[in-house]
Amino acid sequence: MGSGIFFPLCALPFSILIILLFYIKGHVKSKETTLYQVLIISNFLGIIIELLCTFASKIYNTNLLLSNFIYKSYLLYLIIWISTFAYYIFSISKKNENVIKKERYKLIILYYLVIIILIIFLPIEVVIKDNFNIRYTTGPAVQFSYLISFIAILIILISMLTNLKNLSKKYVPVIIFLL
């Protein structure tokens, strides 16, 4: 296996620990905790998919379809995670607490469906060099995921800057993450 597998392997126990603590420790049922739950579960699934990406690079020449499915699943995970994180930040902002209404859930679902369809149909190219020591993906599907991630980070920054006077301890992890 390549060196790309070590970081996800180290992150896996921490992710499991966070999930266990979340479910063992009592918590208030709210929109914030529901979004946090989605974030920690998708993070766990993302680590599994990232581990599978190492496997996909090994079988890329013999099983192109499965490899591309794994790579595109990872891109979808990244987009879903950063979009959910942006929505989480937007929802914890004091100013925007009741802005998101139930009617907008249809819009959010449509957003995810459009992104899934685009990622499925956009091409992806895998570059493997130096006996698997260098491997990465490129192409329109990857660039699209970068664009969506950039937009989500802009939403996070705008949401935080427009609520600068209401900064609370909830924003500390976000500020550390963005730095």
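The coordinates are above.
Model, not experiment: these values are computed from the prediction. (Residues numbered from 1 in each chain as written. Predicted model: local features only at pLDDT ≥ 70, side-chain atom pairs only at ≥ 80, totals over all residues. Heavy atoms only, no water.)

Engineer: Mind showing me how you'd approach the side chain of Thr 33 here?
Structural biologist: Relative to the assigned elements, Thr 33 resides in helix H2 (residues 31–59). Those residues in contact with Thr 33, other than ones at most four positions away along the chain, are Phe 22, His 27 and Val 28. (Helix = DSSP H or I, 4+ residues; strand = E, 2+ residues; numbered from the N terminus. Contact = heavy atoms within 4.5 Å.)

Engineer: Explanation requested: the environment of Tyr 23 in the structure shown.
Structural biologist: In this structure, Tyr 23 sits in helix H1 (residues 6–24). The partly exposed category is assigned to Tyr 23, whose relative accessible area is 44%. The spatial distance from the C-alpha of Tyr 23 to the C-alpha of Gln 37 is 9.1 Å, given a sequence separation of 14 residues. Setting aside residues no more than four positions away along its own chain, Tyr 23 makes contact with Gln 37 and Ile 41. (Buried < 20%, exposed > 50% of the residue type's maximum accessible area, 1.4 Å probe, protein only.)

Engineer: Teacher, can you tell me more about H1 here?
Structural biologist: Side chains of residues three or four places apart in an α-helix project in the same direction, reflecting 3.6 residues per turn. Taking 1.5 Å of rise per residue, the 19 residues of H1 would be expected to cover 27 Å, and the 28 Å separating its terminal C-alpha atoms lies within 8% of that figure. At Leu 12, H1 shows its maximal bend, which comes to roughly 25 degrees, and the proline Pro 13 appears one to four places after that position. Along H1, the positions that sit buried rather than exposed are Pro 8, Ala 11, Leu 12, Ser 15, Ile 19 and Phe 22. At its buried positions, H1 is contacted by H2. (Expected span 1.5 Å × (residues − 1). Bend = angle between axes of the 7 residues up to and from the residue.)

Honestly, that's just the spatial picture; any functional story needs more than this.
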